[in-house]
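Coordinate analysis (summary)
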Amino acid sequence: MTQHFDFLIIGGGIAGISGASQLAEHGKTAVLEMEDVIGHHSTGRSAAVFIGNYGNAVIRALNAVSEPTLMNPEGICDSSVLSHRGVLMLLDEAGHENLLETYEEGAVGLEKRSVEEALKMVPILDPSKIASALYEPNAFDIDVDRLFQGYARLLKSRGGEIILSAPAMEIEHTDDQWTVTTPKGKFSAPILINAAGAWADKIAELAGIRPVGLVPKRRTLAIVPLPEGVDCSSWPVFESSGESYYAKPEAGKLLVSPADEVPVEPHDAFVDDMVLAEGLHHFEHAVNFSITRVEHSWAGLRSFVEDRSPVVGFAPDAEGFFWLAGQGGYGIQTSPALSRLTADLCLGRPTELPEETLAALSPNRFT
Ligand SMILES: Cc1cc2nc3c(=O)[nH]c(=O)nc-3n(C[C@H](O)[C@H](O)[C@H](O)COP(=O)(O)OP(=O)(O)OC[C@H]3O[C@@H](n4cnc5c(N)ncnc54)[C@H](O)[C@@H]3O)c2cc1C
């Protein structure tokens, strides 16, 4: 027996669940997820930060459209999922002049900070390693769990279904219907949305669609305790200009990342101890204390195509196959904009994004 839907989504991460939550109001919608829970891969492993100036111009346009929804996620959650954090970028002598120029080119609202000001914000910094700093006030912690569960609740309240332990094994396109075979049975719909995260190119291949050159890149995070009595609750995220590490306050401790970007095959990502050790070494070099232990560490995949913009839109090489992939390191913070765009394009409605942003996101750019 095949179960029929209007919209079928492969992937129960934030892309698939948020996109499905917007579509379920307009037609019968199902999400197929290969794991036995949703959010097990990239979505459940993020650093949970929103940064207004993060990413290229396309990402920044998506950030700007997403921020008001995250601030007031009416219908998704009952209150804001953002709480103020800020980001302090630490510049060394070498990076100082160049970086100021690069950042000022497309970024808005950045404020220069002296070494003394940077130390007031993050007292554990070693001043001898800093030439100056840039502060981005428009940055927030995201309550990812509340946001993600909010999307899932909205989806279910609109009659949408999430089918777990349902990896897409075969995908066929006949008579304007996409049929996906899973261990839980066959599912079909005229529109198939590929929101399979790091696996999105594999899904395309399974469906006979040309891949877009998606490269999953591993990123590592670790929880590190601070010296006794140090209160980091009001510190911003702080990072080195050379992207050798970043750190973020997390429940009285620090979340530290080597800011690694190692290309890998899609898989259930795990920590490479050497990469983590190197990142922590860079971090220790920038602060005035030594790490005594790592409490917990994990890794996840950030998947990019070459131009580092997401791929969102109908595939040019088959009717009804929709890409929602390549969100890289910005998939949580851009989920409001990308989920609405997915619904608008699938329903043939006008979108809130300008033409040039649509073109920069479109899978047509690979042809
Ligand atoms: C360490 C790290 C830090 C990050 N920090 C941030 C941050 O601070 N802010 C931010 O905005 N973003 C951040 N990101 C990026 C963000 O997490 C991702 O962009 C986002 O989670 C991608 O969501 P997704 O739904 O596309 O992918 P995923 O969450 O990976 O979901 C894809 C789903 O597809 C499923 N799937 C795959 N193949 C199949 C199949 N054959 N059949 C059925 N299901 C399948 C998978 O099981 C998975 O659940 C970070 C990522 C990492 C790894």
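In this text the structure is predicted, and so the values were computed from the model without any measurement. Per chain, the residues get numbers from 1 upward, laid out in the order the sequence is written. pLDDT decides what is reported in this predicted model: residues at 70 or higher carry local features, side-chain atom pairs at 80 or more are listed and counted, and totals for whole chains, interfaces and linings draw on all residues regardless. Computation of side-chain values covers all heavy atoms of the structure but excludes hydrogens and water.

1. Concerning the overall build of the protein
When helices and strands are tallied, the protein shows 9 helices and 22 strands. Taking 2.2 N^0.38 as the reference for a compact globule, 367 residues should give roughly 21 Å; the C-alpha atoms of the protein span a radius of gyration of 21 Å, in line with that estimate. By its C-alpha atoms, the protein is 70 × 40 × 40 Å across when sized along the principal axes. Relative accessibility under 20% of the residue-type maximum defines a buried residue, over 50% an exposed one, and the middle range a partly exposed one, all with a 1.4 Å probe and only protein chains included. Looking at the protein residue by residue over its 367 residues, the buried ones come to 55%. Across the protein, every contact between residues at least 6 apart in sequence was considered, and the portion connecting residues at least 24 apart equals 72%. Comment: elements are numbered from the N terminus, with helices defined as DSSP H or I runs of at least four residues and strands as E runs of at least two. Our radius of gyration is a C-alpha quantity, and the globule rule it is checked against amounts to 2.2 Å times the number of residues to the power 0.38. The contact criterion used is simple: two residues touch if any of their non-hydrogen atoms lie within 4.5 Å.

2. Digging into the pairing of strand β16 (residues 237–240)
Going residue by residue along β16, you find V237 and E239 tucked away on one face and F238 and S240 tucked away on the opposite face as well. Two strands are counted as paired when DSSP detects at least two bridges linking them. Across 4 bridges, strand β6 (residues 87–91) lies against β16 in parallel orientation. Bridge pairing links L88 to F238 in β16. When β16 meets strand β17 (residues 246–250), the two strands line up antiparallel, connected through 2 bridges. Looking at the pairing, E239 lines up with Y246 of β17.

3. So, the side chain of K217
With respect to the element layout, K217 can be found in strand β15 (residues 215–224). Not counting chain neighbours up to four residues away, the residues in contact with K217 comprise E261, V262, P263, G300, L301, R302, F304 and R308.

4. Concerning unusual backbone geometry
Of note, A48 is a non-glycine position whose phi angle comes to about 60°, a positive value. Positive phi, normally seen in glycine, also occurs at R308, with a value near 65°. Examined against the element boundaries, R308 turns out to sit in the loop between β20 (296–304) and β21 (311–314). Here R308 falls in the partly exposed class, since its relative accessible area comes to 27%.

5. Side note on the pattern of salt bridges
In what follows, salt bridge is the name for a side-chain nitrogen of Lys or Arg lying within 4 Å of a carboxyl oxygen of Asp or Glu. Under the counting rule described, the total for this entry stands at 20 salt bridges. Its salt-bridge partner being E295, residue R293 comes within 2.8 Å of it at the nearest N-O pair. A residue is classified by how much of its surface remains accessible, and E295, at 34% relative accessible area, is partly exposed. Salt bridges linked by common partners bring R85, D141, K248 and E250 together as one network.

6. Examining the site of the ligand
Taken together, 38 residues are adjacent to the ligand, and E33, T43, A168, G328 and Q333 come closest. At 3.0 Å from an oxygen atom of the ligand is found a main-chain nitrogen or oxygen belonging to A15. In the environment of the ligand, an oxygen atom lies 2.9 Å from a nitrogen or oxygen atom belonging to the backbone of V49. Relative to its unbound accessible surface of 1,000 Å², the ligand loses 97% to contact with the protein. Counting only elements with at least two residues in the shell around the ligand, the list comes to α1 (14–23), β15 and β20. If you tally residues by element for the shell around the ligand, the top one is β20, at 3 residues. It suffices for a single heavy atom of a residue to lie within 4 Å of a molecule or strand for the residue to be listed as near it. Contacts described as polar in this section are N or O atom pairs within 3.5 Å, which, within protein, must combine one atom able to donate a hydrogen with one able to accept it, while residues neighboring in sequence count only if both atoms come from side chains. Throughout, the Shrake-Rupley method with a 1.4 Å probe supplies accessible areas, and for residues the shown protein chains are the sole cover considered.

7. Section: the domain arrangement of the protein
In this document the domain limits rely on a domain assignment from an automatic tool or a database. Under the domain assignment used here, the protein contains domain 1 (2–66 + 144–214 + 306–366) and domain 2 (87–137 + 215–304). On a C-alpha basis, the centres of domain 1 and domain 2 stand 30 Å from each other. Buried surface at the junction of domain 1 and domain 2, both sides included, amounts to about 2,000 Å², of which 50% is carbon and sulfur. On the domain 1 side of the interface with domain 2, the three residues burying the most area are R45, N53 and R308, jointly 30% of the side's total. Along the contact surface separating domain 1 from domain 2 lie 3 salt bridges. Put simply, R308 and E261 hold a salt bridge, and the shortest N to O gap is 2.7 Å. Where domain 1 packs against domain 2, one counts 16 residue pairs in polar contact (both at pLDDT 80 or more). Residue composition of the side of domain 1 that touches domain 2, by class: 9 nonpolar, 12 polar and 5 charged. Buried area: the accessible area, evaluated with a 1.4 Å probe, that two parts lose upon being put together, summed over both parts. All residues other than Ala, Val, Leu, Ile, Met, Phe, Trp, Tyr, Cys, Pro, Asp, Glu, Lys and Arg, Gly among them, are scored as polar; the first ten of these are nonpolar and the last four charged.

8. Re the sheet that holds strand β5 (residues 82–84)
Strand order across the open sheet formed by 3 strands is β4-β9-β5, with antiparallel pairing between neighbours. In this open sheet, the two strands that pair with only one neighbour each are β4 (49–51) and β5. This sheet shows a mean twist of 35° between the axes of neighbouring strands, independent of strand direction. Two strands pair when backbone bridges link them, and β5 and strand β9 (residues 139–142) are joined in this way by 3 bridges, in the antiparallel orientation. Its bridge partner lying in β9, H84 is registered against F140. The sheet contacts of helix α2 (residues 57–71) involve β4, β5 and β9, and relative to β4 the element is tilted by about 130°. Only C-alpha atoms enter the line fits that serve as axes; for helices the fit covers just the stretch in contact. Angles between N-to-C directions range over 0 to 180 degrees.

9. Some remarks on the packing of aromatic side chains
Ring geometry is summarised as follows: Phe, Tyr and Trp rings, the Trp one being its six-membered ring, pair when their centres sit within 6.5 Å, and such pairs are stacked at plane angles under 30 degrees, edge-to-face over 60 and tilted between the two. Taken as a whole, this structure holds 12 aromatic pairs when the rule is applied. Seen from their ring centres, W235 and F238 are 6.3 Å apart, and the 65° between their planes marks the pair as edge-to-face. Overall, W235 belongs to the buried group, its relative accessible area being 4%. Ring geometry for F321 against W323: centres 5.8 Å apart, planes inclined by 75°, an arrangement best described as edge-to-face. W323 carries the same exposure label as F321, and that label is buried. The criterion for a charge sitting over a ring is simple: Lys NZ or Arg CZ within 6 Å of the ring centre, and within 35 degrees of the ring normal. Across from the ring centre of F304, 3.9 Å away, lies the NZ or CZ of R308, which sits over that ring.

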